[in-house]
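Survey of secondary and tertiary structure
These are the residues of each chain, in order.
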Amino acid sequence: MLRNTLWNLLGEGLPMAAALLSIPWLISAVGMERFGALTLIWALLGYLGVLDLGLGRSLVQVVADRIGHGAEHANGPANAAADNSANSSANTAGIAGPAIALMGAIGLLTGGVVALGAGLLADRFQLETGTSPEEIRNSLLVAAAIVPIALVSAGLRGVLEAHQRFRPISLVRMTVGVLNYLSPLCVLPFSQSLVPVIAAIAVGRFIGLVGYGILAVRQLPDLLRPGRWGRPSLRGLFTMSAWMMLNNLVGPAMLYADRFILLSLVPAAMVAFYTTPFELLSRLMVIPGALSLALFPLASSLFRRDPPALGRILDAGGHLTLAVFLAMQAATIVGGETALELWLGPAFAANSASVLSILMLGVFFNATAYVPNTLIQSVGRVDVTARLQMAELPVYLGVLWLLAERYGAVGAAVAWSLRTAVDCGLLLVLLPRLAPGTGAVALTIGLRALLAGAAGLAGLLVGGPVGAAISLTGLLAVGLGVAGRLLRTRSWEKLAAPLRKTRPAAALPAPIMDGRAIDGAATDRP
């Protein structure tokens, strides 16, 4: 699992490095106005990805559950095991194939809407420096063709994630991500128009589609044999995807509401004191995100046949997350203001340092919530997280408005951090009700997160060197407990071990944690 997490981090990190390298050249070559249009098209493609109706993420859970269910019957006689394996492959393809086809149809429909509206969007989008509405319209037409490619790629990637093939997934993702930023540079010597730039991005996305397709068919050959799909029930998949879609809509609303409300209450220049540290710290979420991406299919495949495994996964993943973000919080206390001063100047740091420290508390709780949130969704209870977000949204918006109106950027930071702390606590309370055997670990993680948050809050309230010393002392005490837990259970070693797939006739021994197997079926095969 740790190896899968590292591959996921690499898949995210290399495209970010490519972006840092290419963006200055792109701005210099095409101009700020054209580059602004390019970023809008990038954003449009990202937002349209939400329109997969939640099928991509739901497909991972359902297919991984099928894999885990099939593993229960994999240890019988060789002939029976082979028959079960063949039937499991056909049944899994019977779920994945129609879902991917539906995602392609949604992509074609969405892309068609973008193409039909390209002229209107181009007329309303006014650019200078010689960029014509015709150029914008043609660019949007090319972008419309990317939408079905992106959605089908997400479905194929979901099949691979369910089988925990994170190394090849990351290799394809790195290739697509790097091409997304570097391929436009290849056409700039020949043209500075946006049309060939977007076309180069489309070629990169198509290469990714081919890569995911080849890997998915190798993993699940019956994807290309509709006659063997049978008529599996898709009701569970569509029910889960509806709740997942709601998660995808409400989550971003809570993520971006703060800046819009803040902008309506304070001068625009003051908003930067909030958004800049927020954007900086939000990049840290790639760490628990990569871990959760690896955990989701593993937990989905295990929760029916080995329920206690979820407690061991929570123990390992939750404490690893705590360890990383306790260190991040301590680093922010020690050098956060200095880093802001060196990066953006003393004046900016004076206005934004307190916001950075408060937001770091929220990021700590947000990161801690990733693993329990993932485990709740992995047992098929996406409706719980969606209902929780819907209940939180109006309360959060009200508190955000009140605090931002009175205290500006600091108030918005307090509101956001308070929401993440409450959300983390509620998820840890709900998880044992949905996944028996996780209660003791959830309580331990919750108490340690609470103590760390209290230490950080005490330091903020006291302020100055004394406040920093109070926070660091509390974080050190919590960190020693977390480190002791990790060393005592040696969970970090078990996560680093290759995951073994249960085979017919002779099951391989699974990694052991506290005398019990942490997993027994999932694998990331070379």
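Analysis parameters
- Residues take numbers from 1 onward in each chain, read along the sequence in its written order.
- Confidence filtering applies because this is a predicted model: local features only for residues at pLDDT of at least 70, side-chain atom pairs given and counted only at 80 or more, and all residues used for totals across whole chains, interfaces and linings.
- Computation of side-chain values covers all heavy atoms of the structure but excludes hydrogens and water.
- Elements are defined by DSSP. Helices are runs of H or I of four residues or more, strands are runs of E of two residues or more, and each kind is numbered from the N terminus.
- The accessible surface values rely on the Shrake-Rupley method and a 1.4 Å probe; as for residues, cover is taken only from the protein chains in view.
- To estimate the expected span of a helix, count its residues, drop one, and scale the result by 1.5 Å.
- We call a residue buried when its accessible area falls under 20% of the maximum for its residue type, exposed when it is over 50%, and partly exposed in between, using a 1.4 Å probe and counting protein chains only.
- Salt bridge, as used here: a side-chain nitrogen of Lys or Arg that lies within 4 Å of a carboxyl oxygen of Asp or Glu.
- For patch building, the residue pool is restricted to those with more than 30% relative accessible area and no salt bridge; the joining distance is 9 Å between like charges and 5 Å between nonpolar side chains (Val, Leu, Ile, Met, Phe, Trp, Tyr).
- In protein, a polar contact means a hydrogen-donor-capable atom and an acceptor-capable atom, both N or O and within 3.5 Å, with residues adjacent in sequence counting only if both atoms are side-chain atoms; elsewhere, any N or O pair within 3.5 Å suffices.
- Residues count as neighbours in contact if any of their non-hydrogen atoms are within 4.5 Å of one another.
- Think of each axis as a best-fit line through the C-alpha atoms, taken over the contacting stretch in the case of a helix, with angles from 0 to 180 degrees between the N-to-C directions.
- Each angle is binned into one of four classes, with values under 35 degrees roughly parallel, values over 145 roughly antiparallel, values of 65 to 115 roughly perpendicular, and all other values oblique.
- Each residue gets one label: Ala, Val, Leu, Ile, Met, Phe, Trp, Tyr, Cys and Pro are nonpolar, Asp, Glu, Lys and Arg are charged, and the others, such as Gly, are polar.
- Paired rings are identified among Phe, Tyr and Trp, the last through its six-membered ring, by centres lying within 6.5 Å, and are further divided according to the angle between planes into stacked (under 30 degrees), edge-to-face (over 60) and tilted (the rest).
- Only Lys NZ and Arg CZ are tested; either one counts as a charge over a ring when it is within 6 Å of the ring centre and within 35 degrees of the ring normal.

This part is about the overall build of the protein. Within the protein one finds 17 helices and two strands. With the model as given, the accessible surface of the protein reaches about 22700 Å², and the carbon-plus-sulfur share is 68%.

All right, on to helix α16 (residues 464-489) then. If you check α16, its first and last C-alpha atoms are 38 Å apart, about what 26 residues at 1.5 Å a residue would give, namely 38 Å. Every buried residue belonging to α16 is among Gly-467, Ser-471, Gly-474, Leu-475, Val-478, Val-482, Leu-486 and Thr-489, and all of these are buried.

Attention now moves to the pattern of salt bridges. Per the stated rule, a full pass over the model turns up six salt bridges. One salt bridge connects Asp-383 with Arg-387, and the closest N-O pair in it is separated by 2.6 Å. One end of the pair, Asp-383, and the other, Arg-387, are both in helix α13 (residues 382-407), four residues apart, so they sit about a helical turn from each other. By relative accessible area, which is 45% here, Arg-387 ends up partly exposed. A single salt-bridge network, built from bridges that share partners, covers Arg-157, Glu-161 and Arg-173.

A contiguous nonpolar patch, built from Leu-457, Leu-460, Leu-461, Val-462, Val-466 and Ile-470 and spanning about 550 Å² of accessible area, is present on the exposed surface. For the nonpolar patch, the elements supplying multiple residues, two or more each, are α15 (439-462) and α16. Among the elements that take part in the nonpolar patch, α15 stands out by supplying four residues, more than any other. Along the chain, Val-466 turns up in helix α16.

Position of His-163 among the secondary structure elements: in the loop between α5 (133-162) and α6 (166-187). Polar side-chain contacts of His-163 include one of 2.9 Å to the backbone oxygen of Val-159.

With that settled, the discussion passes to the environment of Ala-299. Considering the arrangement of structural elements, one finds Ala-299 in helix α10 (residues 286-302). The class for Ala-299 is buried, based on a relative accessible area of 0%. For the pair Ala-299 and Ile-376, spaced 77 residues apart in sequence, the C-alpha separation works out to 9.5 Å. If near-sequence neighbours (up to four positions away) are discounted, Ala-299 is found in contact with Leu-310, Ile-313, Leu-375 and Ser-378.

With that settled, the discussion passes to the packing of helix α11 (residues 308-344) against helix α12 (residues 346-378). Between α11 and α12, the least distance of the axes is 9 Å, while the angle of their chain directions is 175 degrees. On the basis of their axis angle, the class for α11 and α12 is roughly antiparallel. The residue makeup of the contact of α11 with α12, split by class, is 22 nonpolar, nine polar and two charged.

What the rule picks out here adds up to four aromatic pairs. Among the aromatic residues, ring-to-ring pairing joins Tyr-274, Phe-278 and Trp-416 into one connected group. Against the face of Tyr-396 rests Arg-419, its NZ or CZ located 5.4 Å from the ring centre.

Attention shifts here to the side chain of Thr-332. Its location among the elements puts Thr-332 in helix α11. The class of Thr-332 is buried, set by a relative accessible area of 12%. At a separation of 2.9 Å, a polar atom in the side chain of Thr-332 contacts the main-chain carbonyl oxygen of Met-328. Once residues lying within four places of it in the same chain are set aside, the contact partners of Thr-332 are Glu-337, Leu-356, Ser-357 and Met-360.

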